[in-house]
Amino acid sequence: MQVTETSADGLKREYKVVLSAADIEEKVQARLEQLKDEVKLPGFRPGKVPESLLRKRYGQAVMGEVLEKAVNDSSQQAITERNLRPAMQPQIEITSYDEGQDLEYSIKLEVMPEIEPADFTKISLERLKVDIPDNEIDEALQRLAEQQKKTEPLSEERPAQSGDVLVIDFKGSVNGESLPGMEAEDHHLELGSNAFVGDFEDQLIGKNKGDEAEVKVTFPEAYGNEKLAGQEAVFQVKVKDILNATPADIDDELAKSYGAEDLEDLKSKLREHLGGEYQSLSRTLVKRQLLDELADRHDFEVPDGLVDMEFEAIWNRLQQDKEAGNLDPEDAEKDEETLKSEYRAIAERRVRLGLLLSEVGRLNEIDVAQEELQQALIQEAQRYPGREQEVFEHYQKNPQSVANLRGPLLEEKVVDHILDQAEVAERSVTPDELREEFDSQDSPEKTEKAKATKSKSDSSSGKKSASSGTAKKAASTKSKSTKKDESEGEGEAATTTKKSASTSKKSTAAKSTASKAGTGTSKAAGSKASSSKSTASKASSSKSSSSKKTSSESA
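Everything quoted here is computed from the prediction, not taken from an experiment.

Definitions and cut-offs
Residues numbered from 1 in each chain as written. Predicted model: local features only at pLDDT ≥ 70, side-chain atom pairs only at ≥ 80, totals over all residues. Heavy atoms only, no water. Helix = DSSP H or I, 4+ residues; strand = E, 2+ residues; numbered from the N terminus. Buried < 20%, exposed > 50% of the residue type's maximum accessible area, 1.4 Å probe, protein only. Areas by Shrake-Rupley, 256 points an atom, 1.4 Å probe, with all protein chains shown as cover. Pairing = 2+ DSSP bridges. Axes fitted to C-alpha atoms, helices over the stretch in contact; angles between N-to-C directions. Contact = heavy atoms within 4.5 Å. Salt bridge = Lys/Arg side-chain N within 4 Å of Asp/Glu carboxyl O. Phe/Tyr/Trp six-rings, centres within 6.5 Å; stacked < 30°, edge-to-face > 60°. Core = buried A, V, L, I, M, F, W, Y, C linked by side-chain atoms within 4.5 Å. Expected span 1.5 Å × (residues − 1). Parallel < 35°, antiparallel > 145°, perpendicular 65-115°, else oblique. Left-handed = near helix turned anticlockwise from the far one by under 90°. Nonpolar A, V, L, I, M, F, W, Y, C, P; charged D, E, K, R; others polar. Arc of directions from axis to C-beta. Polar contact = N/O pair within 3.5 Å; in protein donor to acceptor, adjacent residues only side chain to side chain. pLDDT = per-residue confidence, 0-100.

Some points on the overall build of the protein chain
When you go through the protein chain residue by residue, the secondary structure sums to 17 helices and 11 strands. A burial count over the protein chain gives 43% of its 555 residues as buried. As presented, the protein chain carries roughly 30000 Å² of accessible surface, and 43% of it is formed by carbon and sulfur atoms.

In structure tokens form, the structure reads like this:
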């Protein structure tokens, strides 16, 4: 095998590899010799089939198999001998081959950059610490009591008002057509709960027992059911009864209904859960600071291929938001060229952070244990009650999905490793102050865009880049963070961390190349959570963050 470097530009490398005809023929003969003991042909004993006959019958298939294996093995050998760490799958292309002649092919790849992590002990950060006041526990208990409302008939008949529970029959239609799930009988609907779409509930306020009403609502344009999205629906509603709803008493019986031993046990579990939520939010804020510091202290070349992949993912999501009418107002005012420039800067920043975290993990032998991955899988399955087995089977059949779980786990472990070395000062704050700190910051996407764009501008004058991140806000009825904000930042480098970590371990399996050499026969190379935890979650979740249901969903 002869390997010649034909190009070296930054992180990009190109090589020409030549495999001699003699080596290829030797491998073909060896494979045909193996077939003698495997092939059964009429008139020949096992192992006695002439090579000439085997070559005639199986020569093309064997040649394709040999060429493919030879290209895979030799390309891997060439990369290993030169201590190259591919950032992505190398591109292999047959450039010259005829039967009986040398095989010549090219390898094109981008290598991982040389990364020298900064001295993490010189990084100074601030972590906010929350002591949960008793009134937070009282409010959480009150929310639990609200969820266990008792209903009883009105002592005196009166029109329905907000907070009442109506027993109704309803039947809906769109353009005169009744659709499945748009009708129900004896449905209990709390007015003011926003359980039904639009102002459905508001139109029933003031109705009396026995009244019949026609309720008209318009489904949102971005509604999940395409048949209902943007459509006006008409519901015929009969009010069969009006019930007075009162919260349950806050006592041991309430606690037991939520899986706790008594009221004190429930309070303890609520405090533990709320503490975890605030700790998670505090971690989000300190992680934002850390990512900013890391971006400020590191400026190395990143593989264009990884940036292209990250940009494509960001841009596709941006287009989806645009089609759904959820595009950020600031983005809506910009032309496509400006947007692409800004979001490519974000992509480059994310890739750089991801590669850095991956390298820190590699140098310090940080990895995700099988037990940790299994726990993450269980948590993922718990998000789909009743379909846990289906989720497990999906991950068993899709290794890439497992890698998607592993990436964020690895990132968090690397972040913990860096935080252990950094100088982190603690400051005590109230829950409101913690929320205000979070709300005072721009959305993660805006912050990230501003810093990434500034970094791109600064790089031309020799300056270094900057960074940001995010996470889901802790339990609070005052929560204002959007779904986009919650998902955008805390794992901003996780995708690249996962890609770079997996890429560095992969062998460089070639794509199907033997077919290009003229054979045409080669194959392509290439447990549910505890009731107490659930209770705490219910008590601490904000009603404002729950999505509205349609009448059909409630039915």
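Details of the sheet that holds strand E1 (residues 2-9)
As summarised here, the arrangement of the 4 strands in space is E1-E2-E4-E3, forming an open sheet in which the pairing is antiparallel. The sheet terminates laterally at E1 and strand E3 (91-96), the two strands that pair on one side only. The sheet shows a mean angle of 20° between the axes of neighbouring strands, direction not considered. As paired strands, E1 and strand E2 (residues 12-19) are joined by 7 bridges and run antiparallel to one another. Note on E2: the bridge partner recorded for Ser7 is Glu14. The strands touched by helix H2 (residues 51-81) within the sheet are E1, E2, E3 and strand E4 (103-110), with E4 carrying the most contacts at an inclination of about 45°.

Notes on the environment of Leu339
Within the fold, Leu339 resides in helix H8 (residues 336-363). Sequence spacing of Leu339 and Leu318 is 21 residues, and the spatial spacing of their C-alpha atoms is 9.7 Å.

A closer look at the pattern of salt bridges
Under the defined criterion, the tally for this structure stands at 34 salt bridges. A salt bridge links Arg427 to Glu126; its shortest N-O distance comes to 3.0 Å. Here the residue Arg427 occupies a position in strand E11 (residues 423-429), and Glu126 occupies one in strand E5 (residues 124-130), the gap between them amounting to 301 residues. Under the relative-accessibility criterion, Arg427 is labelled partly exposed at 36%. The exposure class assigned to Glu126 is partly exposed, which follows from its relative accessible area of 32%. Residue Glu310 is joined to Arg350 by a salt bridge in which the shortest nitrogen-to-oxygen separation is 3.6 Å. Placement of Glu310 in helix H6 (residues 304-323) and of Arg350 in helix H8 is noted, with a sequence separation of 40 residues between them.

Describing the packing of aromatic side chains
Under the definition given, this model contains 6 aromatic pairs. Seen from their ring centres, Phe170 and Phe196 are 5.6 Å apart, and the 80° between their planes marks the pair as edge-to-face. Taken together, the residues span a long stretch of sequence, with Phe170 in strand E7 (residues 165-174) and Phe196 in the loop between strand E8 (183-190) and strand E9 (212-218) at a distance of 26 residues. Taken as a pair, Phe170 and Phe196 share a single burial class, namely buried.

Some points on the nonpolar core
In this structure, Leu290, Leu294, Leu355 and Ile418 are the most contacted members of the largest nonpolar core, which totals 45 residues. Mapped by element, the contributors of at least two residues to this core are helix H5 (263-297), H6, H8, helix H9 (370-381), helix H10 (388-397) and helix H11 (399-421). When near neighbours in sequence (up to four residues on either side) are disregarded, Ile418 contacts Phe120, Leu290, Leu294, Leu357 and Val360.

Some remarks on H6
Look at H6: 28 Å from first C-alpha to last across 20 residues, which is about the 28 Å you get at 1.5 Å a residue. Buried within H6 we find Gly305, Leu306, Val307, Glu310, Phe311, Ile314, Trp315, Leu318 and Asp321. Among the residues trailing H6, Gly325 stands out with phi positive, at a value near 75°.

Examining the packing of helix H1 (residues 21-36) against H2
With their axes 8 Å apart at the nearest point, H1 and H2 run at an angle of 125° to one another. Between H1 and H2, the crossing angle belongs to the class labelled oblique. Where H1 crosses over H2, the handedness of that crossing is right-handed. Listed contacts from H2 to Ile24, Glu25, Lys27, Val28, Gln29, Arg31, Leu32, Leu35 and Lys36 of H1 are Glu51, Leu54, Arg55, Tyr58, Val62, Met63, Glu65, Val66, Leu67 and Ala70. Residue composition of the contact of H1 with H2, grouped by class: 11 nonpolar, 1 polar and 7 charged.

Remarks on helix H12 (residues 431-440)
Looking at H12, one finds that the buried residues are Pro431, Leu434, Arg435 and Phe438. Viewed along the axis of H12, the buried residues span an arc of 95°, placing them on a single side of the element. Across H12 from its buried face, at more than 90 degrees, point the exposed residues Glu436 and Ser440. Against the buried residues of H12 lie E5, helix H3 (134-147), H5 and E11.

Concerning the side chain of Glu342
Among the structural elements, Glu342 can be located in helix H8. Classification of Glu342 by relative accessible area gives buried; the value is 12%. Of the polar contacts made by the side chain of Glu342, one reaches the side chain of Lys334; its length is 3.0 Å.

Describing unusual backbone geometry
The phi torsion at Asn175 lies on the positive side, around 55°, for a residue other than glycine. If you trace the backbone, Asn175 turns up in the loop between E7 and E8. Judged by its relative accessible area of 69%, Asn175 is exposed. In this structure, Asn194 is a non-glycine residue whose phi angle is positive, near 60°.

Observations concerning the confidence of the model for the protein chain
Of all residues in the protein chain, 79% have pLDDT values of 70 or greater, and the mean over the chain is 81. Here residues 460-490 is a poorly scored stretch, pLDDT under 50, and it has 93 contacts once near neighbours within four places are set aside; other chains count. Counting interchain partners and residues more than four positions distant, the pLDDT-below-50 stretch residues 541-555 has 38 contacts.

Comments concerning the environment of Ile92
Along the polypeptide, Ile92 turns up in strand E3. Residue classification places Ile92 among the buried residues on the basis of a relative accessible area of 7%. Counting along the chain gives 17 residues from Ile92 to Leu109, while the straight-line C-alpha distance between them is 8.8 Å.

Considerations on the packing of H8 against H11
Their axes nearest at 9 Å, the elements H8 and H11 cross at an angle of 75°. Between H8 and H11, the interaxial angle falls into the category roughly perpendicular. Counted together, Leu357, Val360 and Gly361 of H8 and Glu411, Val414, His417 and Ile418 of H11 form the full contact between these two elements. Looking at the contact of H8 with H11 residue by residue, the class counts come to 4 nonpolar, 2 polar and 1 charged.

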